[in-house]
Amino acid sequence: MLTQIFSWLTPEGCILPQKDCKIGLVGGTFSLLHRGHRHLLRYAASKSEKLIVGVTSDEYIRKNQKSHPVEPYELRALSVILFLMHVDPSLNILVVPIDDEYGPALTEVEADCIFVSEETFSGAVKVNLARRARGLKPLKVFSVELLGQGGEKLSSTMLWRKILSRQTRGDFSPYSFNKENY
């Protein structure tokens, strides 16, 4: 039993299990970095030696007109970095702005994995088709389940709708929200 527990120890030192991905990719807007975003990022961090996170640029947001406000790129990118540093301080993290639906997936030749939600799985298929067309190796796709709240999928759009609704009614208070979502 003791030999099983310490089987990862060798005379040379610790041998930690290798992660599934050398370079993982994940992308999104990451507005109001909520529980669903954190679930996706935590999973991607647990599987990747290096994680490249594409965060939609302010220009991309302007071009694609979200139905709600979105924090500036710098704030969203910083939120992602701080969260990932908390999850795994040893993780090699690169956060980059993305200006199209592919982000770094078509330029990061050595990337081997992409992380998506159930809702964005089709985007990973599209990325792999584009990579193949460019002669690049397809990415392993890891999908996480969507999280919900009261029968509704958890999303930045849902959270912004609640925030704006409360502001309109005049009963907005940062303490009146279900903190489990954030």
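See the structure above.
Residues numbered from 1 in each chain as written. Predicted model: local features only at pLDDT ≥ 70, side-chain atom pairs only at ≥ 80, totals over all residues. Heavy atoms only, no water.

**Description of the pairing of strand β4 (residues 48–56)**
Consideration 1: In terms of residue burial, β4 counts as a mostly covered element, since seven of its nine residues are buried.
Consideration 2: Of the strand pairs in this sheet, strand β3 (residues 21–28) and β4 are connected by seven bridges, and their pairing is parallel. Note on β4: the bridge partner recorded for G27 is G54.
Consideration 3: Viewed along the sheet, the connection from β3 through helix α2 (residues 35–47) into β4 turns out right-handed.
Consideration 4: As paired elements, β4 and strand β5 (residues 92–98) share seven bridges and run parallel to each other. In the strand pairing of β5, L51 is matched with I93. (Buried < 20%, exposed > 50% of the residue type's maximum accessible area, 1.4 Å probe, protein only. Helix = DSSP H or I, 4+ residues; strand = E, 2+ residues; numbered from the N terminus. Pairing = 2+ DSSP bridges. Right-handed = clockwise from strand over helix to strand, strands pointing away.)

**Quick notes on the nonpolar core**
Consideration 1: In terms of nonpolar packing, the biggest core is built from 22 residues, with L41, V53, V80, L84 and F115 touching the most fellow members.
Consideration 2: Secondary-structure elements contributing two or more residues to this core are β3, α2, β4, α4 (73–87), β6 (113–117) and β7 (140–144).
Consideration 3: Of the residues forming this core, the biggest block, five residues, is contributed by α4.
Consideration 4: Beyond its immediate chain neighbours, meaning those up to four positions away, V80 contacts F30, L33, L41, V53, V55 and V95.
Consideration 5: If you look at the next biggest cluster of nonpolar residues, it comprises eleven residues, including L25, A105, A124 and L139. (Core = buried A, V, L, I, M, F, W, Y, C linked by side-chain atoms within 4.5 Å. Contact = heavy atoms within 4.5 Å.)

**A look at the pairing of β6**
Consideration 1: With five of five residues buried, β6 is to be regarded as a mostly interior element.
Consideration 2: Neither face of β6 is left uncovered, since the one carrying C113, F115 and S117 and the one carrying I114 and V116 both have all their residues buried.
Consideration 3: The pairing of β3 with β6 spans three bridges and is parallel. The residue bridging L25 from the neighbouring strand is I114, located in β6.
Consideration 4: Strand direction decides the pairing type here: β6 and β7, joined by five bridges, are parallel. Across the sheet, residue I114 finds its bridge partner in β7, namely V141.

**As for the packing of aromatic side chains**
Consideration 1: Under the criterion given, the structure shown has three aromatic pairs.
Consideration 2: Centre to centre, the rings of Y43 and F115 are 6.0 Å apart; their planes meet at 80°, and the pair counts as edge-to-face. One end of the pair, Y43, is in helix α2; the other, F115, is in strand β6, with 72 residues separating them in the sequence.
Consideration 3: The class of F115 is buried, set by a relative accessible area of 2%.
Consideration 4: An angle of 20° between the planes, with centres 5.1 Å apart, marks the rings of F115 and F142 as stacked. Here F115, found in strand β6, pairs with F142, found in strand β7; they are 27 residues apart in sequence, far enough to count as distant.
Consideration 5: A relative accessible area of 16% means that F142 is categorised as buried.
Consideration 6: Among the aromatic residues, ring-to-ring pairing joins Y43, F115 and F142 into one connected group. (Phe/Tyr/Trp six-rings, centres within 6.5 Å; stacked < 30°, edge-to-face > 60°.)

**Topic: unusual backbone geometry**
Consideration 1: In this model, F30 sits at a positive phi of 60°, which is unusual for a non-glycine residue.
Consideration 2: Tracing the backbone through its elements, the reader meets F30 in the loop between β3 and α2.
Consideration 3: Non-glycine residue L32 carries a positive phi angle of around 50°.
Consideration 4: Here L32 lies in the loop between β3 and α2.

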